[in-house]
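# Summary of structural features
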Amino acid sequence: MNWAIFQGLLSGVSTYSTAFGRIWLSVVFIFRLMVYVVAAERVWGDEQGEFDCNTKQPGCTNVCYDYYFPVSHIRLWALQLILVTCPSLLVIMHVAYREERERKHREKQGENCGRLYLDVGKKRGGLWWTYLLSLLAKASVDSVFLYVFHRIYNNYSLPNLVKCSIKPCPNTVDCFISRPTEKNLFTLFMVATTILCIFLNLCEMIYLIAKRCRECLGHRNIKSKTRSNNVYAYIEKQEIFHANNKINEKMSRLNPSIRLTPPQTELK
């Protein structure tokens, strides 16, 4: 399989990602995709051919292998990598949709018209939700596959020897897995990198939500300060108004032709 296609598609995601997102991409490409392509495929390349049972009964080795390896590690990892990268493509598609809307708006209104988006790649509005949901989807996919691996292969480990008594085996036979220690090391490595990716996704979600809450609180404080300033200005104008009224009353007693004009008291 040509994994360079996914690398080319996801290379643009880093432009719209946070620092946590860029670290996640590095972990996926270097510690998961590269390890899978360079080493893991070769380690599991001989798993069925080297699965040996101490019997010559036709079909016994095949049914025992199918029982203990219902789905190959290497195929599950390939499916996991495909599914975990798909949510990131949604972000690119959403940005492309914004760019297309911006282009059509300029064609219709002219080049000097106002823009629909200040920055098409800025995580605001619908793009913020798309990005957040993509993080949730990636963490969910990795979590599901961790559970599947744990259910199929107990504790993510392969034994050196398995005993099989499934028909057409004549009796309980011993079957041997090729290079189980090496495969266990690669399995633990892939599990550890998956857990790291889930942790990075959770950190990025917390960062995005905390940043949005801080911005909302900042806007609320600005509105509160603006209203407080308006109230203070109104009170100050009221005080000036009453002071001018008192002065007018005193001046009217001395000279009725002299009168001060009170300021505007309308609250703006």
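Residues numbered from 1 in each chain as written. Predicted model: local features only at pLDDT ≥ 70, side-chain atom pairs only at ≥ 80, totals over all residues. Heavy atoms only, no water.

Before going further, it helps to spend a moment on the overall build of the protein. When helices and strands are counted, the protein shows 6 helices and 3 strands. Scanning the protein from its N terminus toward the C terminus, one meets helices and strands in the order α-α-β-α-α-α-β-β-α. Relative to its full complement of 268 residues, the protein shows a buried share of 35%. (Helix = DSSP H or I, 4+ residues; strand = E, 2+ residues; numbered from the N terminus. Buried < 20%, exposed > 50% of the residue type's maximum accessible area, 1.4 Å probe, protein only.)

What follows concerns the state of the cysteines. This structure, assessed with the given rule, holds 3 disulfides. The disulfide partner of cysteine 60 is cysteine 169, and the gap between their sulfur atoms is 1.8 Å. Residues cysteine 60 and cysteine 169 share a disulfide whose torsion about the S-S bond is about 95°; that sign makes it right-handed. Of the two residues, cysteine 60 sits in helix H3 (residues 60-68) while cysteine 169 sits in the loop between strand E2 (161-164) and strand E3 (173-176), which places them 109 residues apart along the sequence. Side by side, cysteine 60 and cysteine 169 carry an identical accessibility label, which is buried. (Disulfide = S-S within 2.5 Å.)

This next bit is on the packing of aromatic side chains. A complete count under the given rule lists 7 aromatic pairs for this structure. Connected via pairs of aromatic rings, a cluster forms that spans Tyr65, Phe69 and Tyr153. Sitting over the face of the ring of tryptophan 24, lysine 138 holds its NZ or CZ atom 3.8 Å from the ring centroid. Its end group placed over the ring of tryptophan 128, arginine 212 keeps NZ or CZ at 4.7 Å from the ring centre. (Phe/Tyr/Trp six-rings, centres within 6.5 Å; stacked < 30°, edge-to-face > 60°. Lys NZ or Arg CZ within 6 Å of the ring centre and 35° of its normal.)

Where helix H2 (residues 19-43) meets helix H4 (residues 73-109), the axes come as close as 12 Å, and the angle between the chain directions of the two elements is 155°. Overall, the two elements H2 and H4 adopt an arrangement that is roughly antiparallel. Helix-helix and strand crossings are classified by hand; for H2 and H4 the assignment is left-handed. On the side of H2, the interface is formed by Trp24, Val28, Arg32, Leu33, Tyr36, Ala40 and Glu41, while H4 contributes Ile74, Trp77, Ala78, Gln80, Leu81, Val84, Thr85 and Ser88. By residue class, the composition of the contact of H2 with H4 is 10 nonpolar, 3 polar and 2 charged. (Axes fitted to C-alpha atoms, helices over the stretch in contact; angles between N-to-C directions. Parallel < 35°, antiparallel > 145°, perpendicular 65-115°, else oblique. Left-handed = near helix turned anticlockwise from the far one by under 90°. Contact = heavy atoms within 4.5 Å. Nonpolar A, V, L, I, M, F, W, Y, C, P; charged D, E, K, R; others polar.)

For the rest of this paragraph, the subject is the pattern of salt bridges. Following the criterion strictly, the structure yields 3 salt bridges and no others. Aspartate 142 is the salt-bridge partner of arginine 32, the closest N and O atoms lying 3.2 Å from each other. Taken together, the positions of arginine 32 in helix H2 and aspartate 142 in helix H5 (residues 126-152) put the pair 110 residues apart, joining distant regions of the chain. Assigned by exposure class, arginine 32 and aspartate 142 land together as buried. Ionic pairing is found between arginine 179 and glutamate 182, a salt bridge with its closest N-O pair at 3.6 Å. What makes arginine 179 partly exposed here is its relative accessible area of 37%. You can call glutamate 182 partly exposed: its relative accessible area is 30%. (Salt bridge = Lys/Arg side-chain N within 4 Å of Asp/Glu carboxyl O.)

Turning our eyes to something else, we now look at H2. The end-to-end C-alpha separation of H2 is 33 Å, in line with the 36 Å expected for 25 residues at 1.5 Å each. Looking only at H2, the buried set comprises Gly21, Trp24, Leu25, Val27, Val28, Phe29, Arg32, Leu33, Val35, Tyr36, Ala40 and Val43. (Expected span 1.5 Å × (residues − 1).)

Once that is clear, we can look at the side chain of glutamine 80. Looking at where glutamine 80 falls in the secondary structure, it is placed in helix H4. With a relative accessible area of 3%, glutamine 80 lands in the buried category. Not counting the four nearest positions on each side in its chain, glutamine 80 is found in contact with Arg32, Val141, Asp142, Phe145, Phe149 and Thr194.

Another point: the packing of H4 against H5. Relative orientation of the contacting elements H4 and H5 amounts to 175°, with a least axis distance of 9 Å. Considering their axes alone, H4 and H5 lie roughly antiparallel with respect to each other.

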